[in-house]
Structure formats: structure tokens, C-alpha cells
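What the coordinates show
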Amino acid sequence: DLNTISIPIIVHVIYNNENENISDTQIKSQIDILNQDFTKTNLDRDQVPQEFLPLAANIQINFNLEKVIRVSSERTEWGTGDEMKFSSSGGSNVVTPQSHLNIWVCNIGEEALGYAQFPGDNPLTDGIVISPQYFGSEGYVLSPFDRGRTATHEVGHWLNLRHIWGDGRCMKDDYVDDTPSADQPNYGCPEYPVLSCNTNDMSMNYMDYVDDTCMYMFSKGQKDRMRAVFAEGGPRQSFIK
Ligand code: ARG
Ligand code: ZN
Ligand code: CA
């Protein structure tokens, strides 16, 4: 498929203090990173090792910020139970999920940096959620997750990607042929090569668990899997005009 897909974004900022009420500049820094990572224009793409260079893909998706909704809340922590997605529970309702990526930025606590809903699930909770200090690269951000890669990773899930190690040992798959099987997640900033399951791990893939500065590619197989959700009969077909 030769076409670029454009995805409008609604950002819901749900905050309990001034830090969490992140600036427009911080939001913009995140949109810029998504656009770079999904068009293979990220500056760190030159770090992809030779072995994986032919597999690094330009996903040909761009994102544009359509609207920011800000909601002040008494609640200090939201967890991962989707309550931030409903104004009836003090959050902010989803906006036109059939054509827009909704991103809720709120403190979800220690459990995760962010989480995503896979395609084909309830429209009322469709989108991704990220804690403010892991969103974007400017402002209220916290190293080593301060380069906006949590959103890149979560949008990967939102477009049907699994973790690169398949969430299991060597026999568990991520349903992508060109990503080598891996035995477990990688953390921190592993030095290439990391061997598991008799192949070198693609630890620099956005769908591993490494630090933000140590992930810089999607594969061609992941591109096909993501773009398939927009195809005729696919769960996100309605995004294509
Ligand atoms: N732990 C989160 C998840 O599985 C996101 C991990 C993102 N990694 C990163 N370097 N920002 O959804
Ligand atoms: Zn994940
Ligand atoms: Ca694979």
C-alpha cells in the first residue's frame, strides 16, 4: 500500500495538580515524536544494527492534533480500569472513536507507563492512556521514559501489535514473521547483540520494554500487521475517508 494514512488525535488531559496539567508544548512534542517514529524520520534510526536495517519500516502514518480537552480532578491516581474515559466517573468521554485516536493523559500510578486498547473492542474505551511524565519530551517528563516512546509503543498496540517477545517464552509468537522470537522482554539499554531463542533479539524495536533512547524501529512485518486494521473489513476501516 502506497498511501499515507492520517490520524487525527484528541488529547484528554486529566489533572490533579499543575504538573499534570501538561503544556501545549509538551503535547506537541509528543505528536512530533509519533510522526517521526511512524514515518521512519526519527533521528536515532541510524542506530539500527546492520542485521535489521533491511527490516526497518516506514509505517506511513501521520498524526495531527485536533483537540485538547482539559479536566481538573480531585482524583490523584486512576489505575488501568478505564475510569478516566468517562465523565460520569470524573474523567473525560471519548470523542468520535470511529475516526479519531483518543489519548488520555492522567496519572495511572506505578502499575505501568501507559496502556492501550486493541482494535475491535468497545468504542467507548477505545484509545490509549499514558501518565503525564511519560508523555512527550518537553516539560513534565521523567527519564529514562522521557522521549515519547511510550506513546509510540501504545499506538503500536492500538494498531494490533503484540509485544515483540510474544508475552511468553520462545514458542510464543507476536504474529509477525520478521521479528525474531525472543525469550523475554529486554529492559534498560541492552548492547547489541542479545541472543535468545537462537537468534539476535530485535531489542531496539518499539514493542520491546527497553528505555526510550534504546528503541528506534518498527519492522516491515509490523507495518503490514498495523496497516491491515485499516483495510476493507478491518477493525479500523472507518478511519479511512
Ligand atoms: N509498559 C508499557 C506497556 O507495556 C509501555 C512500555 C513503553 N516503553 C518505553 N520505553 N517507553 O504498555
Ligand atoms: Zn506494551
Ligand atoms: Ca516474530
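Now for a quick tour of the structure. In this text the structure is predicted, and so the values were computed from the model without any measurement. (Residues numbered from 1 in each chain as written. Chains lettered and ligands numbered in written order. Predicted model: local features only at pLDDT ≥ 70, side-chain atom pairs only at ≥ 80, totals over all residues. Heavy atoms only, no water.)

What about the coordination of the zinc ion (ligand 2)?
Every protein donor of the zinc ion (ligand 2) is listed here as His153 (NE2), His157 (NE2) and His163 (NE2), and their distances to the metal cover 2.0 to 2.1 Å. Of note is the zinc ion (ligand 2), whose four donor atoms meet at the metal with angles of 95 to 155° in an arrangement that counts as irregular. On the accessibility criterion, His153 (7% relative accessible area) is buried. You can call His157 buried: its relative accessible area is 7%. (Donors = N, O, S within 2.8 Å, 3.2 Å for Na, K, Ca; no water. Tetrahedral: all angles 85-135°; square planar, octahedral: opposite > 155°, others 65-115°. Buried < 20%, exposed > 50% of the residue type's maximum accessible area, 1.4 Å probe, protein only.)

With respect to the pairing of strand 2 (residues 61-72)
Taken together, the eleven bridges between strand 1 (residues 5-15) and strand 2 define a ladder with parallel strand orientation. Residue pairing for strand 2: Ile14 is matched across the bridge by Val71. Between the parallel pair strand 1 and strand 2, the chain is carried across by helix 1 (residues 24-37), and the sense of this crossover is right-handed. (Pairing = 2+ DSSP bridges. Helix = DSSP H or I, 4+ residues; strand = E, 2+ residues; numbered from the N terminus. Right-handed = clockwise from strand over helix to strand, strands pointing away.)

A look at the state of the cysteines
The full count for this structure, using the stated rule, is two disulfides. Linked covalently through their sulfurs, Cys170 and Cys197 form a disulfide whose S-S length is 2.0 Å. When the S-S torsion is -85°, as for the bridge of Cys170 with Cys197, the disulfide is left-handed. Residue Cys170 is located in the loop between helix 2 (149-158) and strand 6 (195-196), and its partner Cys197 is located in the loop between strand 6 and strand 7 (199-200); the two are separated by 27 residues in the primary sequence. Given a relative accessible area of 26%, Cys170 falls into the partly exposed group. (Disulfide = S-S within 2.5 Å.)

Quick word on the pairing of strand 3 (residues 101-105)
Most of strand 3 sits inside the fold, with five of its five residues counted as buried. Covered by surrounding structure in strand 3 are Leu101, Ile103 and Val105 together with Asn102 and Trp104, the residues of both alternating faces.

Side note on empty space enclosed by the protein
Summed over all chains, the structure comprises one cavity of 30 Å³ or more. Taken as a whole, the largest cavity holds about 40 Å³ of empty space. As for the largest cavity, its lining consists of Asp37, Lys40, Asn42, Arg45, Ala56, Ala57, Tyr206, Tyr216, Met217 and Phe218. (1 Å grid on protein atoms, 1.4 Å probe; cavity = no way out; pocket = protein on both sides within 12 Å on 5 of 7 lines; lining within 4 Å. Points joined across faces, edges and corners; volume = space filled by probe spheres on them.)

Observations concerning helix 3 (residues 220-228)
Along an α-helix, residues three or four apart share an orientation, since each turn contains 3.6 residues. Turning to helix 3, its buried residues are Gly221, Gln222, Lys223, Arg225, Met226 and Arg227. Buried residues along helix 3 sit in contact with strand 1 and helix 2. (Contact = heavy atoms within 4.5 Å.)

Topic: helix 1
The terminal C-alpha atoms of helix 1 lie 20 Å apart, and with 14 residues this matches the ideal 20 Å at 1.5 Å per residue to within 8%. Inspection of helix 1 places Gln26, Ile27, Ser29, Gln30, Ile31, Ile33, Leu34, Asn35 and Asp37 among the buried residues, and these make up the whole buried set. (Expected span 1.5 Å × (residues − 1).)

With respect to the site of ligand 1
Around ligand 1 lies a shell of 13 residues, among which Thr150, Glu154, Tyr209, Val210 and Asp212 are the nearest. In the complex, the protein chains occlude 90% of the 350 Å² of accessible area that ligand 1 would expose alone. At a threshold of 2 Å from the grid points, most atoms of ligand 1 map onto the largest pocket. When residues of the shell around ligand 1 are assigned to their parent elements, the largest contribution, four residues, is made by helix 2. (Near = heavy atom within 4 Å. Areas by Shrake-Rupley, 256 points an atom, 1.4 Å probe, with all protein chains shown as cover. Sits in = over half its atoms within 2 Å of the grid points.)

Observations regarding the nonpolar core
In this structure, Ile7, Phe38, Ile61, Phe63, Leu101, Val155 and Leu159 are the most contacted members of the largest nonpolar core, which totals 49 residues. Counting only elements with at least two residues in this core, the list comes to strand 1, helix 1, strand 2, strand 3, strand 5 (128-130) and helix 2. A total of six residues in this core trace back to one element, the largest contributor, which is strand 1. Residues in contact with Leu101, not counting those within four places in the same chain, are Ile7, Pro8, Ile9, Ile10, Phe63, Gly127, Ile128, Val155, Trp158 and Phe239. Formed by ten residues, the second largest nonpolar core is a distinct cluster that contains Val71, Met84, Ile108 and Val129. (Core = buried A, V, L, I, M, F, W, Y, C linked by side-chain atoms within 4.5 Å.)

Some details on the packing of aromatic side chains
Enumeration according to the criterion identifies nine aromatic pairs in this entry. Geometrically, the ring pair formed by Phe38 and Phe63 is edge-to-face, given 5.2 Å between the ring centres and 75° between the ring planes. Of this pair, Phe38 sits in the loop between helix 1 and strand 2 while Phe63 sits in strand 2, and the two are 25 residues apart along the sequence. Phe63 shares its class with Phe38; the two are buried. An aromatic cluster is built from Phe38, Phe63, Tyr206 and Phe218, whose rings are joined through pairwise contacts. The ring centre of Phe118 lies 5.4 Å from the NZ or CZ of Arg162, which sits over that ring. (Phe/Tyr/Trp six-rings, centres within 6.5 Å; stacked < 30°, edge-to-face > 60°. Lys NZ or Arg CZ within 6 Å of the ring centre and 35° of its normal.)

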